[in-house]
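Fold and geometry: a report
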Amino acid sequence: MFGRRRKRGRHSSGAVETGPEHDEVFDDVDGPWDSTVAPQDDVERLDLGSVQLPMPDEAQLQVEMDQQDGSVRAVHVLTSVGQLTVSAFAAPKSGGLWREVGAELIDGLKEDGARINRENGEWGEEITARNQGVQILFVGVDGPRWMLRGVAAGPEEHFEQNSQALRAMLRGTVVVRGEQPMPPRTPLPVELPEAIARHIQQQG
């Protein structure tokens, strides 16, 4: 079973542990969950195929399309305090993909002139970037054969509220990995609900 780790302080040095912990059973856990062990609860989730997201109140969606093949690249959740984006990727069974992705992310942010902060969070290392009045939180979760990346972006004055919204969304997220083999880092396909897809086609 995969859930929120209750052990704290293990990643204070910046290194993210991986390995056998994916097979542990955690007591009193929150998500994100693999679809094979997701709870049968009453939470309403937006079904995007590979991920099912609990939506904040009064949130709006912004869909990012690939101009070449018309596929969905990302779905952004817009709230009054910022933007939330949760994406799932194929990962090796051994885990540890977020450590690699996070290191590359930090290098790229530094090249863009952002101020970086790294802290231990609920699921491991979290990365915060500040640049020109915008503050962004990156959270990664290593799951069984998948990695989830959450991003909260918005004005610095709303950072805490925006960050809490992202963590709440991650705790309630369900990941549908499927059995098909995929190279690590491959984005899991995003599928829009029929009503949303039809609305986008009408606008186009």
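Rules used throughout
Residues numbered from 1 in each chain as written. Predicted model: local features only at pLDDT ≥ 70, side-chain atom pairs only at ≥ 80, totals over all residues. Heavy atoms only, no water. Helix = DSSP H or I, 4+ residues; strand = E, 2+ residues; numbered from the N terminus. Buried < 20%, exposed > 50% of the residue type's maximum accessible area, 1.4 Å probe, protein only. Contact = heavy atoms within 4.5 Å. Areas by Shrake-Rupley, 256 points an atom, 1.4 Å probe, with all protein chains shown as cover. Expected span 1.5 Å × (residues − 1). Arc of directions from axis to C-beta. Pairing = 2+ DSSP bridges. Axes fitted to C-alpha atoms, helices over the stretch in contact; angles between N-to-C directions.

Labelled according to an unreviewed UniProt entry, the protein chain appears under the name DUF3710 domain-containing protein, originating from Lentzea albidocapillata.

Before going further, it helps to examine the overall build of the protein chain. Helix and strand counts for the protein chain come out as three helices and 11 strands. Taken across its 204 residues, the protein chain has 41% of its residues classed as buried. Considering only contacts within the protein chain whose residues lie at least 6 apart along the sequence, 59% involve residues at least 24 apart. As displayed, the protein chain has an accessible area near 11,100 Å², and 45% of this comes from carbon and sulfur atoms.

On to helix 2 (residues 159-171). Structural remark: α-helix, 3.6 residues per turn; residues separated by three or four positions point the same way. The end-to-end C-alpha separation of helix 2 is 18 Å, in line with the 18 Å expected for 13 residues at 1.5 Å each. Among the residues of helix 2, Phe-159, Asn-162, Ser-163, Leu-166, Arg-167, Met-169 and Leu-170 are the ones counted as buried. Projected onto a plane normal to the axis of helix 2, the buried residues spread over an arc of 160° and lie on a single side. The exposed set on the far side of helix 2, more than 90 degrees from its buried face, consists of Glu-160 and Gln-164.

For a regular strand, the rule is simple: side chains alternate between the two faces of the sheet. Where strand 4 (residues 60-65) lies against strand 5 (residues 72-79), six bridges are found, and the strand directions are antiparallel. Note that in strand 5 the partner of Glu-64 across the bridge is Ala-74. Counting the residues in the hairpin turn of strand 4 and strand 5 gives six residues, including Gly-70, whose phi is positive at 75°.

Strand order in this open sheet of seven strands is 4-5-6-10-9-8-7, and the pairing throughout is antiparallel. Looking at which strands have only one partner, the edges of the open sheet turn out to be strand 4 and strand 7 (115-121). Geometrically, the sheet is characterised by an average inter-axis angle of 20° between neighbouring strands, direction not taken into account.

The next thing to look at is the environment of Gly-31. Residue position: Gly-31 is located in the segment before strand 1 (33-34). Given a relative accessible area of 0%, Gly-31 falls into the buried group. C-alpha of Gly-31 to C-alpha of Val-141: the two residues are 110 residues apart in sequence and 9.9 Å apart in space.

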